[in-house]
Amino acid sequence: MSASAAVIIPAAGSGSRMKLGHPKQFHMLAGLPILIHTIRAFLNNPNIQRCIVVVPIDWLEEARKLLSQYDISLSNVTITAGGRRRQDSVQAGLALLDDSIDVVLVHDGARPLASQDLITRCYLAACQHGAAIAAVPVKDTLKKVDSDQQITATIDRQGLWQAQTPQAAQLQLLKKAYLESGGEDVTDESSLLEKAGIPVSIVAGSETNLKITSPEDLILAERIMQNNLNPQMRIGHGFDAHRFATGKPLVLGGVTIPHTLGLAGHSDADVVTHALCDAILGALGAQDIGHHFPDSDARFAGIYSILLLEQVIEHAGKNSFCLGNADITIVCQTPRLAPHIQAMRETLAKTCRVGTHLLNVKATTTEKMGYTGREEGISCHAVVLLESRQHN
Ligand code: CTP
Ligand code: MG
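Rules behind the numbers
- Residues numbered from 1 in each chain as written.
- Chains lettered and ligands numbered in written order.
- Predicted model: local features only at pLDDT ≥ 70, side-chain atom pairs only at ≥ 80, totals over all residues.
- Heavy atoms only, no water.
- Domains from an automatic or database assignment.
- Contact = heavy atoms within 4.5 Å.
- Salt bridge = Lys/Arg side-chain N within 4 Å of Asp/Glu carboxyl O.
- Polar contact = N/O pair within 3.5 Å; in protein donor to acceptor, adjacent residues only side chain to side chain.
- Nonpolar A, V, L, I, M, F, W, Y, C, P; charged D, E, K, R; others polar.
- Near = heavy atom within 4 Å.
- Areas by Shrake-Rupley, 256 points an atom, 1.4 Å probe, with all protein chains shown as cover.
- 1 Å grid on protein atoms, 1.4 Å probe; cavity = no way out; pocket = protein on both sides within 12 Å on 5 of 7 lines; lining within 4 Å.
- Sits in = over half its atoms within 2 Å of the grid points.
- Phe/Tyr/Trp six-rings, centres within 6.5 Å; stacked < 30°, edge-to-face > 60°.
- Helix = DSSP H or I, 4+ residues; strand = E, 2+ residues; numbered from the N terminus.
- Buried < 20%, exposed > 50% of the residue type's maximum accessible area, 1.4 Å probe, protein only.
- Disulfide = S-S within 2.5 Å.
- Points joined across faces, edges and corners; volume = space filled by probe spheres on them.
- Axes fitted to C-alpha atoms, helices over the stretch in contact; angles between N-to-C directions.
- Parallel < 35°, antiparallel > 145°, perpendicular 65-115°, else oblique.
- Left-handed = near helix turned anticlockwise from the far one by under 90°.

**A short note on the domain arrangement of the chain**
Assigned domains of the chain: these are domain 1 (5-228) and domain 2 (233-391). A separation of 43 Å is found between the C-alpha centroids of domain 1 and domain 2. The interface of domain 1 with domain 2 comprises 13 residues on the first partner and nine residues on the second. Inspection of the domain 1/domain 2 interface yields zero salt bridges. Inspection of the region where domain 1 meets domain 2 yields four residue pairs in polar contact (both at pLDDT 80 or more). For the side of domain 1 that touches domain 2, the per-class residue count stands at seven nonpolar, four polar and two charged.

Written as structure tokens, this is what we have:
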């Protein structure tokens, strides 16, 4: 059986070197708060069962709001208040872990670019060796400098490594190291383990696993995210059909089309927008439109379905996905849709926040075969590709 693991994310610092006026971990990076990127990286890792996020005491409420805003469930994430030093914050997190956890990873809230591979390797190394940290070999020549900016020595970089996080250890070893530490100032968990005589091994970290420390790190991190070293894609399919009805306007792809008949349905019965919503929800693994906007709910009676699509796109964004492209096929014997295709594309593309060229709409008849051919109604297929903005 594999060892159960928790992560403690210390995010209770003030970010004084960033000079932002607020703690850097709450600053936006590529559309999401830095801390949300960090938390998601760990929640996405199958080895991690629990997540403790340690924030400044006066940010507790804001942190809870952010989790709910970004659809992170509080069922396996606990938020708690930190202390004056980083090690005090980690200790506050440790106090919440009981013996059901075998391995604990500590990871800076301000380090949003840790890859899944790195998290897994740190976890496995701690399972095997007791304690292990991510680190990278020092690349540049090291100088010792005095307070007058004068070099006083050159230090041999042979065998020198820069410590990063995750820093992983078997829970009992880290608790022991804390108990024995006597409160001396340290800047990482490994220092405590080393002082307690516990061997700590190195896991190859990455230069892109940077800790946002000074303003230029934010620019670098943004570039790395944009480059998206490991993009994720999701495919989805949606299908919908509605029966013709009298006394209703015909709305397709958000566009009202002159016709003697409309479509029956609880909302505006926009079969095209519904198929697109279902394709996006499908790609997200988030069930279907009926689940999110039930036709038993009066709030959705007669609603303009483009408003539902707006919410679906927002849901995708909260999960770090945006629309890559969509291809839609409307199956309709009559009316003729060719004159309205461009307007539909523009309305749907604008709602999905993509260029019109990325949202294709086409229409076909079924040569009078089947229910659409007999003009009983209209059906629609949509396929989408979603792209991740996550760096994982
Ligand atoms: N941290 C913490 N509790 C503290 C101090 C730091 O939880 N009392 C966290 C930070 O929020 C950060 C990580 O430890 O996620 C690494 O610390 P650092 O990069 O030094 O962040 P800050 O202390 O916030 O920044 P600065 O040193 O520039 O003030
Ligand atoms: Mg600090």
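What follows continues from the structure just given.
**Quick notes on the site of ligand 1**
What surrounds ligand 1 is a group of 19 residues, the closest being G15, S16, R84, S89 and K211. Between ligand 1 and S14 there is a distance of 3.2 Å, counted from an oxygen atom to a backbone nitrogen or oxygen. Across the complex, the protein chains shield 89% of the 560 Å² of accessible surface that ligand 1 would expose by itself. More than half of the atoms belonging to ligand 1 lie within 2 Å of the grid points that define the largest pocket.

**Concerning the packing of aromatic side chains**
Inspection of every chain in the model, using the stated rule, returns two aromatic pairs. Look at F26 and W59: their rings are 4.2 Å apart centre to centre, the planes differ by 15 degrees, and that puts the pair in the stacked class. Here F26, found in the loop between β1 (5-10) and β2 (28-29), pairs with W59, found in the loop between β4 (48-55) and α2 (60-69); they are 33 residues apart in sequence, far enough to count as distant. The exposure class of W59 is partly exposed, given its relative accessible area of 22%.

**Quick notes on the state of the cysteines**
Using the criterion set out here, one finds zero disulfides in the structure. Not part of a disulfide, C127 finds its nearest cysteine sulfur in C122, a span of 11 Å. Residue class for C127 comes out partly exposed when judged on its relative accessible area of 29%.

**Some points on the pattern of salt bridges**
Under the defined criterion, the tally for this structure stands at 13 salt bridges. With its nearest N and O atoms 2.5 Å apart, the salt bridge here joins D185 to R85. Residue D185 is located in the loop between α5 (171-181) and α6 (189-195), and its partner R85 is located in the loop between β5 (77-81) and α3 (86-94); the two are separated by 100 residues in the primary sequence. D185 gets classed as exposed once you look at its relative accessible area, which sits at 58%. One salt-bridge network, held together by shared partners, links R86, D108, R111 and E189.

**Some remarks on the layout of surface pockets**
Reported here for the largest pocket is a volume of approximately 680 Å³. Together, 29 residues line the largest pocket, and G13, R17, K24, R86 and K211 are the ones closest to its centre. The element that contributes the greatest number of residues to the lining of the largest pocket is strand β10 (residues 161-170), accounting for four residues.

**Quick word on the packing of helix α8 (residues 271-284) against helix α10 (residues 305-318)**
For any two helices packed against each other, the geometry comes down to the angle between their axes and how far apart the axes lie. With their axes 9 Å apart at the nearest point, α8 and α10 run at an angle of 15 degrees to one another. One way to sum up the angle between α8 and α10 is to call them roughly parallel. α10 is crossed by α8, and the crossing has left-handed handedness. Contacts between α8 and α10 involve T273, H274, L276, C277, I280, L281 and L284 from the first element and S305, I306, L308, L309, V312, I313, H315 and A316 from the second. Residues of the contact of α8 with α10, tallied by class, amount to eleven nonpolar, four polar and no charged.

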